[in-house]
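Below, each chain spelled out in residue letters.
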4 protein chains.
Amino acid sequence: MENKNIYTDLALEERERFKKNVEIEGVKIDKKYDKNLKMTTTVVDIINKNGEKAMGKPMGSYITMETRQLKNAQEESRRNIAEKLMSHLLEITKNKKKNKILIVGLGNSQATPDALGPRTIDNIQISDEIYCISPGVLAQTGMETYSVIKGIVNEINPDLIIAIDSLAARNVRRITTTIQLTDTGITPGSGIGNHRKGLNKETLGKDVIAIGVPMVVSGATIVNDTMENLLHILATVKKENDISNILGNYTEQEKYQLFEELLSEETEQMYVTPKDIDEIVENLSKTISHGLNLFCSNVSAKLI
Amino acid sequence: MENKNIYTDLALEERERFKKNVEIEGVKIDKKYDKNLKMTTTVVDIINKNGEKAMGKPMGSYITMETRQLKNAQEESRRNIAEKLMSHLLEITKNKKKNKILIVGLGNSQATPDALGPRTIDNIQISDEIYCISPGVLAQTGMETYSVIKGIVNEINPDLIIAIDSLAARNVRRITTTIQLTDTGITPGSGIGNHRKGLNKETLGKDVIAIGVPMVVSGATIVNDTMENLLHILATVKKENDISNILGNYTEQEKYQLFEELLSEETEQMYVTPKDIDEIVENLSKTISHGLNLFCSNVSAKLI
Amino acid sequence: MENKNIYTDLALEERERFKKNVEIEGVKIDKKYDKNLKMTTTVVDIINKNGEKAMGKPMGSYITMETRQLKNAQEESRRNIAEKLMSHLLEITKNKKKNKILIVGLGNSQATPDALGPRTIDNIQISDEIYCISPGVLAQTGMETYSVIKGIVNEINPDLIIAIDSLAARNVRRITTTIQLTDTGITPGSGIGNHRKGLNKETLGKDVIAIGVPMVVSGATIVNDTMENLLHILATVKKENDISNILGNYTEQEKYQLFEELLSEETEQMYVTPKDIDEIVENLSKTISHGLNLFCSNVSAKLI
Amino acid sequence: MENKNIYTDLALEERERFKKNVEIEGVKIDKKYDKNLKMTTTVVDIINKNGEKAMGKPMGSYITMETRQLKNAQEESRRNIAEKLMSHLLEITKNKKKNKILIVGLGNSQATPDALGPRTIDNIQISDEIYCISPGVLAQTGMETYSVIKGIVNEINPDLIIAIDSLAARNVRRITTTIQLTDTGITPGSGIGNHRKGLNKETLGKDVIAIGVPMVVSGATIVNDTMENLLHILATVKKENDISNILGNYTEQEKYQLFEELLSEETEQMYVTPKDIDEIVENLSKTISHGLNLFCSNVSAKLI
């Protein structure tokens, strides 16, 4: 759920490392703004090995819905976002078999910012050929999430797996305001840097759609952001003799890593999360489960 | 978690259908009372096919610990019961392989009297070769508990499975005052009369120990008990012309079934449970998890 | 929250003790059925001392909304019921001052069927001059609910108090399918027979509206209902020599009390509640809080 | 619960702003280390107006128990800490009337790091003359905590009030490892900078003991700590031309304020808290409630 180095779970943020108008071979990007919903939707497609390498993410489609409405409890905006989520789910699974769907709520129900997956599962409407499970995390069960899901997939044999998880972002503004959808699957706890086994077509033999929302940033992000603000101000005030000389020949990533290393041991054991995270998780889980329920009943209706 | 007909999950209560001093071929019974703990421990052994048939339960050992202390929160009595539970677990698994143990919390975490299993799992100390999972119930996941557990067992390959579940009893006094331990496994939701697939050596290929506590009785039990009290009084007051004439030629079971059928449809959708069930489930889950943690660390210590 | 004797919190059920077409002096009754909502609305008005005595309830208006939709989670029917609730609240407070409103969630948040009040409070939207509190119960706080509320009322000085509570009913069919609104206030835990101090205009010096939903029946109700079914059948089969002779000269109330006395001590410590009570409480609390939020914003809008 | 400027709720941390061996007129300090418990206990006494001014805290006694054991779930160390807490409570209330005690759990039960107070209350054993309440926070109830407590105190008239709250600290190492006890009362949410009305002898007319544990630090603390680490390293490597020149003429407090101002708006809405905060809050609330229960039964025993 967190980031080591300058890690982010969002393809969108990986793309932002590069200049806006620079074309990256193998990466396509498309951005739209919906005035009514006040929502920016960005589709990043990684279409070849070069794109994979440049972005550090597997080939596939990454859809990002960004809106500050996401945090809120207003029923109407929740419904609108849920409908958007449904249509993106229909789009991203257009050519995939989806008679039997297994929905997986990743994360730890006992740790609020990591509880998005399990809470979403609590609101899924079970029906014929719609299954769901919250497998818990390694620290709770002693088992890799991959092993639990692999076992269940073998018994149930679903066509499609949809996994919901809390993500890590690099940019504080993205926390709890962004949903990412991808057809590339997910590696539970990937942000933590443990090289766990991913949930994807290769490992499970089934299509895996992942839905994620960034819930935390690391302490290093805050230091980094603050320092950037400091340097920005210093740059305008002083011309010489300043901190930018000292850190000036560091790349973005090197600076971030420096701050990471400078974090005290205690701080590493902490995360940075919104003050009203309990309420936000409840609202988000309702919006996402609503979108999933719409998607499942839409899919079921077409089967009949 | 409930009873249809005159169903009970407790072997002890099955035995009580027969007269105390009548010997049932194939069934051995041994009862002890511990003054300090104010605990009655009964071991019912079903040793052959005849015993199975008489008791309506599979061959194996059924250990019942009965004490009113079980409901309470007192740390000391909780510790004593946990230690007893550990020693019964050691005894019942004496000749079984137990290097890798999977602990399964059966039941619905969202329905208090059915939440004993999941709550117990919340307090299990994970360690090397100790795994645990709360698989949810069919109504939550759309999957048979058997399928979820079978899948996980195939991936993890434990030597021993320990399943914790809420049970149904026939006698109101046993509710939340009794722990049953058995080496015969368990059928999740067996009381409900759905013929679900059991968790046992035959179906999972692994030894399965079940730990259960009766949490509910059906409305019919209450009617039955009350009617017995009524008949008892009537028998002493009136000699003729009474209700016992009417119901007199019904067997125990027939009377119970009669009351079952007379329950209104709405009443059938209800259960009878202690008023302070939330607190009791919390206390019980702590006692049982404590006993399991002691058992697991005892087993691990011997492996080293 | 429960009933001793043949107690019910519902004025509607008190009225049902009398024959339908018998007029009770001092009690007016008006019943309507809404086809779309499948909802029966009954207004019982107790208008004088004779009515009070006949009904065993204080003078005032009792509005009952009955519909099986209440249990369900469907957003649309929840919204419809919430709007009805708002309009009944507006009606019943028509001539009352309501600039400052204190909403009180009575009951024990740790005991599911008694948690309706506190859960409703969790979803109330606080705004200027709208206050709310869940005071807990005597067993949690050591204080009478009356004392806690009286103290707060003295500090905050609201114009109007609205109290939400779990009720006891006599008829199993009413459990979780009925909302009662009254302008007569409420006595917390009144069903339990403890003579606690009520929350009403007399004790608090402020208008008190009570909103309640029956959540439990006592074991005696189930025995009583079952026996009635039994007698009904016996009456059609046998002509003489039957149980109805034995209990035939008991009044309804005497029979109920007989069954109460015949309940075992353990059964008295239990309640009868729907199997899916956790989910029902969640749905009900959302519907009621939605109705209250609509009422409060309607009232606030008029103030501007 | 948080800090603006260089705010801390801990008297101990205020004292640390001054050099160790400098005597502050009006402030006495006494420090002890218990090897067995691995616990440092510091008593800071502010004995006059000069001490008040120097420390920015009211006159009175501040006892701080520091140990990393506090986070852990081990029953034995929890019991030891609880016993220490009891004896400090007995000491600090030695000359105070304590026949009737009201225990108040401050904070928001729905926001994990702020839920320490309400969770502690959940485990308090009510008895004759021991009362408790979780009044909620302004954002939940629309009422100042002071008003709720003042109202209840007027009705119940306790001799002594004990309030439990989550605190803000300046030093990351103190988070969830420190309990502060004081006889000076508490200002709910004081760290947030809102000038709320405090709970103390002056405002409530009763002795108020406050028990608090630091649960969060602000983002600025992390930036500050990281920058200090950076400067420390830079100081050893470079001699001139460095950041310390730039920030060198800032005081500690000025630097902190600078970082505060540089935090982005989004970051200000976030807090920094341990990853396993849910589990820590559960453990802490059990330890503190255990200590309070021991204190209350000790006090009650002496009354008889």
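The rules behind these values
Residues numbered from 1 in each chain as written. Chains lettered and ligands numbered in written order. Predicted model: local features only at pLDDT ≥ 70, side-chain atom pairs only at ≥ 80, totals over all residues. Heavy atoms only, no water. Helix = DSSP H or I, 4+ residues; strand = E, 2+ residues; numbered from the N terminus. Contact = heavy atoms within 4.5 Å. Areas by Shrake-Rupley, 256 points an atom, 1.4 Å probe, with all protein chains shown as cover. Buried area = accessible area lost by both parts, 1.4 Å probe. Salt bridge = Lys/Arg side-chain N within 4 Å of Asp/Glu carboxyl O. Polar contact = N/O pair within 3.5 Å; in protein donor to acceptor, adjacent residues only side chain to side chain. Nonpolar A, V, L, I, M, F, W, Y, C, P; charged D, E, K, R; others polar. Pairing = 2+ DSSP bridges. Axes fitted to C-alpha atoms, helices over the stretch in contact; angles between N-to-C directions. pLDDT = per-residue confidence, 0-100. Least-squares fit on C-alpha atoms with pLDDT ≥ 70 in both. Disulfide = S-S within 2.5 Å. Core = buried A, V, L, I, M, F, W, Y, C linked by side-chain atoms within 4.5 Å. Buried < 20%, exposed > 50% of the residue type's maximum accessible area, 1.4 Å probe, protein only. Parallel < 35°, antiparallel > 145°, perpendicular 65-115°, else oblique. Left-handed = near helix turned anticlockwise from the far one by under 90°.

A. Spatial organisation of the overall build of chain A. Helix and strand content of chain A: 12 helices and 9 strands. Nonlocal contacts in chain A, meaning residues at least 24 apart in sequence, comprise 75% of its contacts between residues at least 6 apart. When the accessible surface of chain A is totalled, it reaches about 12,900 Å², and 45% of it is carbon and sulfur.

B. Structural detail: the interface of chain A and chain B. Chain A puts 22 residues into the contact, and the matching count from chain B is 22 residues. For the pair chain A and chain B, the summed buried surface comes to about 1,600 Å²; carbon and sulfur atoms form 64% of the total. Looking only at chain A, the three residues that lose the most surface to chain B are Ile126, Met143 and Glu155 of chain A, adding up to 29% of its buried area. Joining chain A to chain B, the criterion identifies 0 salt bridges. The tally of links from chain A across to chain B stands at 4 residue pairs in polar contact (both at pLDDT 80 or more). For the side of chain A that touches chain B, the secondary structure elements donating two or more residues are β5 (130-133), α5 (138-141) and α6 (145-156) of chain A. Tallying contributions element by element places α6 of chain A first for the side of chain A that touches chain B, with 8 residues. Among the residues forming the side of chain A that touches chain B, the class breakdown is 12 nonpolar, 7 polar and 3 charged.

C. Inspection of the sheet that holds strand β5 (residues 130-133) of chain C at higher detail. Residues and elements named next belong to chain C. A sheet is described by the order of its strands in space; here 8 strands give the open sequence β1-β2-β3-β7-β8-β6-β4-β5, paired in mixed fashion. The two strands at the open ends of the sheet, each matched to only one other strand, are β1 (27-34) and β5. Mean inter-strand twist for the sheet, computed between neighbouring axes without regard to direction, equals 15°. As paired strands, strand β7 (residues 178-182) and strand β8 (residues 207-216) are joined by 3 bridges and run antiparallel to one another.

D. Seen up close, the confidence of the model for chain A. All names here are of chain A. Mean pLDDT for chain A: 86, with 89% of residues reaching 70 or above. Considering each helix and strand of chain A separately, the mean pLDDT is smallest for helix α9 (residues 243-247), with a value of 57, and largest for strand β4 (residues 101-105), with 98. Confidence metrics for the complex model read pTM 0.86 and ipTM 0.87.

E. Main features of the relation of the copies chain A and chain B. Overlay of chain A on chain B (RMSD 0.0 Å): rotation 180°, translation along the axis 0.0 Å. Expressed as an axis order, the relation between the two copies is that of a two-fold axis. Minimal C-alpha distance to the rotation axis in chain A is attained by Gly151 of chain A, lying at 1.9 Å. Of all interface residues in chain A, 100% are interface residues in chain B too; the two copies therefore contact each other through one and the same surface.

F. Layout of the state of the cysteines. Under the defined criterion, the tally for this structure stands at 0 disulfides over all chains. Considering cysteine sulfurs only, Cys296 of chain A is the nearest to Cys132 of chain A, which forms no disulfide, with 9.1 Å between them.

G. The nonpolar core, seen in detail. Ranked by size, the top nonpolar core spans 148 residues in total, and within it Leu102 of chain A, Leu102 of chain B, Leu102 of chain C together with Leu102 of chain D carry the most contacts. In contact with Leu102 of chain C, other than residues within four places in its own chain, are Tyr131, Cys132, Ile133, Ile152, Val153, Pro158, Leu160, Ile161 and Ile162 of chain C together with Met143 of chain D. The next biggest cluster of nonpolar side chains, apart from the first, holds 76 residues, and it includes Met215 and Leu292 of chain B together with Leu116 and Ile121 of chain C.

H. A look at the side chain of Thr42 of chain A. Residue and element names in this part refer to chain A. As for its placement among the helices and strands, Thr42 is situated in strand β2 (residues 39-46). Assessed through its relative accessible area of 0%, Thr42 is described here as buried. Non-local contacts of Thr42, meaning those with residues more than four positions away in its chain, are made with Leu12, Ile29, Asp30, Lys31, Tyr62, Ile63, Thr64 and Glu66.

I. Geometry of the interface of chain D and chain A. Between chain D and chain A, the residue contacts involve 40 residues of the former and 40 residues of the latter. Where chain D abuts chain A, roughly 3,500 Å² becomes buried across the two surfaces, and 66% of that area is made up of carbon and sulfur atoms. Our enumeration of links across chain D and chain A arrives at 0 salt bridges. The interface formed by chain D and chain A includes 5 residue pairs in polar contact (both at pLDDT 80 or more). Listed by contribution, the elements that provide at least two residues to the side of chain D that touches chain A are α8 (219-237), α9 (243-247), α10 (252-262), α11 (265-268), β9 (270-274) and α12 (277-303) of chain D. In terms of residue count, α8 of chain D provides more of the side of chain D that touches chain A than any other element does, 9 residues in total. For the side of chain D that touches chain A, the class distribution of residues is 20 nonpolar, 11 polar and 9 charged. Sheet topology note: the strand β9 (residues 270-274) of chain A/β9 of chain D ladder contains 5 bridges and is antiparallel. Each bridged residue has a counterpart across the sheet, and for Met270 of chain A the counterpart in β9 of chain D is Pro274 of chain D.

J. Quick peek at the relation of the copies chain D and chain A. For these two chains of identical sequence, chain D goes onto chain A by a turn of 180° and a shift of 0.0 Å along the axis, with RMSD 0.0 Å. Here 100% of the contact residues of chain D are again contact residues in chain A; the copies associate through an equivalent surface.

K. Quick peek at the pairing of strand β1 (residues 27-34) of chain A. Residue and element names in this part refer to chain A. Sheet topology places β1 next to β2; 8 bridges connect them, and they run antiparallel. Looking across to β2, one finds that Val27 is bridged to Ile46. Taking the residues that link successive antiparallel strands as the turn, the β1-β2 hairpin has 4 residues, and the phi of Lys38 there is positive, at about 50°.

L. Examining the packing of helix α6 (residues 145-156) of chain C against helix α6 (residues 145-156) of chain D more closely. As a packed pair, α6 of chain C and α6 of chain D sit with axes 7 Å apart at the nearest point and diverge in direction by 125°. In terms of orientation, α6 of chain C and α6 of chain D fall into the oblique class. The hand of the α6 of chain C/α6 of chain D crossing is right-handed. Where α6 of chain C abuts α6 of chain D, its residues Ser147, Val148, Lys150, Gly151, Ile152, Asn154, Glu155 and Ile156 of chain C lie against Ser147, Val148, Lys150, Gly151, Ile152, Asn154, Glu155 and Ile156 of chain D. Among the residues forming the contact of α6 of chain C with α6 of chain D, the class breakdown is 6 nonpolar, 6 polar and 4 charged.

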